[in-house]
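Structural overview
Spelled out from the first residue to the last, the chains are:
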Amino acid sequence: MNTPDRVDSYKYISGMTRRESLKWLGLLAAGSAVSLTAGCSKVIEGKNPSSGHWPDLEIKPVTATGYGTDPNMIMPPESPWPLTLSEAQLTLVAVLADFIVPKEGNHPSASEVQVPSVIDEWVSAPYHGQQKDRVTILHALAWIDDESTLRFNKPFLQLSTPKQREIMDDIAYFNAQTPEQFQRIGKAFSRFKDLVLGAYFCTPEGCKDIGYLGNVPIAGEYPGPTQEAKAHLDGVLAELGLSEYAYRD
């Protein structure tokens, strides 16, 4: 993981309007059930003095009213719920998100495309799935500061980048080989990572990064599916007992 050095005075300031963050919230909700980090794991060779601590937080649920079951996310109305992350939490989210998606060449970092604002919107929304993630994310943020204090006697945002990276390398690749003391935070951070990546790839910059073109008209006559695509479809339909519906010229 690479991330630019931060200065102690760094504070994340959202450059996104609520209307925009609500739009990305809707897009993220549509794809949040799919894990984006399944292939990003590795065996950790951990060497850490900390034990398996976990923060004891009293997290009050968000009680605001939501939009209902069919919100207009193209032109969403003003949000009926307040954003809940503190300035320090939002800045911590920004720094962590930039470890996950750092700036590389012409590709912007997560914080540059306002991913932290989308995460704030997500954990502040009064829906069951988002509130479950709220508990997970807030505990993960608190754990990271606690771990930083245990190791280095400073909160995470006051650490140098190499020391921040030392903590990140112990929790960012959660799998069966993750040391026991990092299993719980590793699982929580994995969910945070999924949300960061999901939010990032909802943005125009993120779509461009993975080469997604969206609805682009094809010049000339539509060529139709390839022979390979037809053969694949025939195989799938045969397995399902639906060959009578196979594509035919």
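Up top you'll find the structure we're talking about.
The structure reproduced in this document is the subject of the present report. (Residues numbered from 1 in each chain as written. Predicted model: local features only at pLDDT ≥ 70, side-chain atom pairs only at ≥ 80, totals over all residues. Heavy atoms only, no water.)

**So, the nonpolar core**
In terms of nonpolar packing, the biggest core is built from 51 residues, with L96, F156, M168, F189, F192 and V196 touching the most fellow members. In contact with V196, not counting residues within four places along its chain, are A97, I100, V101, A110, V115 and I119. (Core = buried A, V, L, I, M, F, W, Y, C linked by side-chain atoms within 4.5 Å. Buried < 20%, exposed > 50% of the residue type's maximum accessible area, 1.4 Å probe, protein only. Contact = heavy atoms within 4.5 Å.)

**Topic: the pattern of salt bridges**
As enumerated under the stated definition, the model contains 6 salt bridges in all. Between E121 and R18 there is a salt bridge, with its nearest N and O atoms 2.7 Å apart. On the criterion of sequence distance, the pair formed by E121 in helix 3 (residues 115–124) and R18 in helix 1 (residues 18–31) is long-range, its members being 103 residues apart. The exposure class of E121 is buried, given its relative accessible area of 0%. Overall, R18 belongs to the partly exposed group, its relative accessible area being 24%. Within the structure, one salt-bridge network assembled from shared partners comprises E147, R151, E166 and D170. (Salt bridge = Lys/Arg side-chain N within 4 Å of Asp/Glu carboxyl O. Helix = DSSP H or I, 4+ residues; strand = E, 2+ residues; numbered from the N terminus.)

**Looking at helix 3**
In an α-helix, one turn spans 3.6 residues, which is why side chains three or four residues apart end up on the same side. Burial analysis of helix 3 places 10 of its 10 residues in the buried class, which makes it a mostly covered element. Within helix 3 the residues assigned to the buried category are V115, P116, S117, V118, I119, D120, E121, W122, V123 and S124.

**Focus: unusual backbone geometry**
One non-glycine residue, Q114, lies in the positive phi region at around 70°. By the secondary structure assignment, Q114 is in the loop between helix 2 (87–100) and helix 3. We note that N153 has phi near 60°; this positive angle belongs to a residue other than glycine. Mapped onto the secondary structure, N153 falls in the loop between helix 4 (128–152) and helix 5 (161–171).

**Observations concerning a nonpolar patch on the surface**
Where nonpolar side chains cluster on the molecular surface, the patch consists of V236, L240 and L242 and spans about 240 Å² of accessible area. Structurally, the position occupied by V236 is in helix 8 (residues 227–239). With a relative accessible area of 31%, V236 lands in the partly exposed category. (Patch = residues over 30% accessible without salt bridge, like charges linked within 9 Å, V, L, I, M, F, W, Y side chains within 5 Å. Areas by Shrake-Rupley, 256 points an atom, 1.4 Å probe, with all protein chains shown as cover.)

**Overview of the packing of helix 2 against helix 4**
Closest axis-to-axis distance for the helix 2/helix 4 pair is 11 Å, and the angle between their directions is 80°. Classed by the angle they form, the pair helix 2 and helix 4 counts as roughly perpendicular. Across from Q89, L92, V93 and L96 in helix 2, the residues of helix 4 making contact are L138, L141, I144 and D145. Residue classes in the contact of helix 2 with helix 4 are distributed as 6 nonpolar, 1 polar and 1 charged. (Axes fitted to C-alpha atoms, helices over the stretch in contact; angles between N-to-C directions. Parallel < 35°, antiparallel > 145°, perpendicular 65-115°, else oblique. Nonpolar A, V, L, I, M, F, W, Y, C, P; charged D, E, K, R; others polar.)

**Considerations on the packing of aromatic side chains**
Counted by the stated rule, this structure contains 5 aromatic pairs. Taken together, a centroid distance of 5.8 Å and an interplanar angle of 85° make the contact between W81 and Y127 edge-to-face. Of this pair, W81 sits in the loop between helix 1 and helix 2 while Y127 sits in the loop between helix 3 and helix 4, and the two are 46 residues apart along the sequence. Exposure remark for W81: the relative accessible area of 2% places this residue in the buried category. With centroids separated by 5.2 Å and ring planes inclined at 85°, the aromatic side chains of Y200 and F201 adopt a geometry described as edge-to-face. Exposure remark for Y200: the relative accessible area of 1% places this residue in the buried category. (Phe/Tyr/Trp six-rings, centres within 6.5 Å; stacked < 30°, edge-to-face > 60°.)

**As for the environment of S14**
Here S14 lies in the segment before helix 1. Classification of S14 as partly exposed rests on a relative accessible area of 36%. On a C-alpha basis, the gap between S14 and V113 in space is 9.6 Å, while along the polypeptide they are 99 residues apart. Separated by 2.6 Å, the side chains of S14 and S117 make a polar contact. (Polar contact = N/O pair within 3.5 Å; in protein donor to acceptor, adjacent residues only side chain to side chain.)

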